[in-house]
Amino acid sequence: LCDFIVQVEKTCHMFITGPAVIKEVTGENVTFDKLGGAKIHSSKSGVVHLTARDDRKCLDLIKSLLDFLPQNNKEYPLRRASNDPTDREVPELVEIVPIQMSKTYDMRKVIHAIVDEGNFFEIHQAFARNLVVGFARMGGQVVGIVANNSMFLGGCLDIDSSDKASRFIRTCDIYNISLISLVDVPGFLPGIRQEHSGIIRHGAKILSAWAYATVPKISVIMRKMYGG
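Criteria and thresholds
- Residues numbered from 1 in each chain as written.
- Predicted model: local features only at pLDDT ≥ 70, side-chain atom pairs only at ≥ 80, totals over all residues.
- Heavy atoms only, no water.
- Helix = DSSP H or I, 4+ residues; strand = E, 2+ residues; numbered from the N terminus.
- Buried < 20%, exposed > 50% of the residue type's maximum accessible area, 1.4 Å probe, protein only.
- Contact = heavy atoms within 4.5 Å.
- Areas by Shrake-Rupley, 256 points an atom, 1.4 Å probe, with all protein chains shown as cover.
- Lys, Arg positive; Asp, Glu negative; His and termini not counted.
- Charge placed at Lys NZ, Arg CZ, Asp CG, Glu CD.
- Phe/Tyr/Trp six-rings, centres within 6.5 Å; stacked < 30°, edge-to-face > 60°.
- Pairing = 2+ DSSP bridges.
- 1 Å grid on protein atoms, 1.4 Å probe; cavity = no way out; pocket = protein on both sides within 12 Å on 5 of 7 lines; lining within 4 Å.
- Points joined across faces, edges and corners; volume = space filled by probe spheres on them.
- Nonpolar A, V, L, I, M, F, W, Y, C, P; charged D, E, K, R; others polar.
- Axes fitted to C-alpha atoms, helices over the stretch in contact; angles between N-to-C directions.
- Expected span 1.5 Å × (residues − 1).
- Arc of directions from axis to C-beta.

Looking only at helices and strands, one finds nine helices and seven strands in the protein chain. Across its three principal directions, the C-alpha atoms of the protein chain cover 60 × 40 × 35 Å. Within the protein chain, the fraction of its 228 residues that count as buried is 44%. Nonlocal contacts in the protein chain, meaning residues at least 24 apart in sequence, comprise 70% of its contacts between residues at least 6 apart. Accessible area for the protein chain stands at about 13100 Å²; split by element, carbon and sulfur atoms hold 56% of it. Within the protein chain, one finds 27 positive and 25 negative side-chain charges whose respective centroids are separated by 4 Å.

Listed below in structure tokens is the structure:
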């Protein structure tokens, strides 16, 4: 799976240089887990998309992921029959999304409410949690969802979420998966650290990914859409 990395907790580590080399070169002491464990790569570096507690769970995750993807970039994702009516009303959205801009809510509840059977396969769940990405089906058709989550950083875009979104958008475009964007964003996160780390450069990745994507794209503005 060249586009996705699944790492098994406690039994698998990934790093370019090991703890011994790091200690020799920089003098830093670090364990295998803190250097390249599943928790670090899934929440800090963003290298890992999915984590599993054991090999069996890992295989289950891979099966679930492949269910949303076509065999190759020349084909389209498999459409499945659904008993979930496409015209059903979703009155619970009124309770989930507060009118007051200062109040937060979990965007994943919105996603679960609108997709077929509430089945949402989230990618990069622990990384850049101010943005939610993942696969679902609507009317039996596979869609990729990109959504701001006000529960974290107020839903602002930052460097990590920019990288997270741009890669997911490009992946959906490659595999002919339509994109749905649920927008509730106050703009890019301000701050010296973000500016000096290249928020302009990383933020531009989202713009180019959206611009180059040729799959159908639908955006729904939930409450606000400010900034770039």
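Now that the structure is up, let's keep going.
Next up on the list: the packing of aromatic side chains. Applying the stated criterion across every chain, the model contains four aromatic pairs. Both rings, one in Phe4 and one in Phe135, keep their centres 6.1 Å apart while their planes meet at 70°; by these two values the pair is edge-to-face. A residue pair is termed long-range when its members are at least 10 positions apart, and Phe4 in the segment before strand 1 (6-8) and Phe135 in strand 4 (residues 131-138) qualify at 131 residues. For the pair Phe68 and Phe121, a centre-to-centre distance of 5.9 Å together with 35° between the ring planes defines the contact as tilted. Separated by 53 residues along the polypeptide, Phe68 in the loop between helix 4 (55-66) and helix 5 (93-96) and Phe121 in strand 3 (residues 120-123) bring together distant segments of the chain.

Here we take up the pairing of strand 4. Of all eight residues in strand 4, seven are buried; the element is thus mostly enclosed. Sheet analysis places strand 3 next to strand 4, joined by four bridges and oriented antiparallel. Within strand 4, the position partnered with Phe120 by the bridge is Ala136. Relative to strand 5 (residues 141-148), strand 4 is paired through eight bridges, and the arrangement is antiparallel. Each residue of the ladder has a partner; that of Val133, found in strand 5, is Val146. In this antiparallel pair of consecutive strands, strand 4 and strand 5, the connection spans two residues, and Gly139 shows a positive phi of 65°.

Space inside the largest pocket adds up to approximately 320 Å³. Looking at the largest pocket, it is lined by 21 residues, and the ones nearest its centre are Leu157, Val183, Val185, Ile206 and Trp210. When contributions to the lining of the largest pocket are tallied by element, the ones reaching two or more residues are strand 5, strand 6 (178-185), helix 9 (199-212) and strand 7 (217-225). Looking at the lining of the largest pocket, its residues break down into 14 nonpolar, seven polar and no charged.

Spatially, five strands are ordered 3-4-5-6-7 in an open sheet, and the strand pairing comes out mixed. Looking at which strands have only one partner, the edges of the open sheet turn out to be strand 3 and strand 7. Ignoring strand direction, the axes of neighbouring strands in this sheet form an average angle of 20°.

Turning next to the side chain of His49. Note that His49 resides in the loop between helix 3 (38-45) and strand 2 (50-52). The class for His49 is buried, based on a relative accessible area of 6%.

So, about helix 9. For helix 9, built from 14 residues, the straight-helix expectation of 20 Å at 1.5 Å per residue is met to within 8% by its first-to-last C-alpha distance of 20 Å. Those residues of helix 9 that fall on the buried side of the exposure criterion are Ile199, His202, Gly203, Ile206 and Ala209. Seen along its axis, helix 9 keeps its buried residues to an arc of 110°; they face one direction. Exposed and facing more than 90 degrees away from the buried side of helix 9 are Ile200, Arg201, Leu207, Ala211 and Tyr212.

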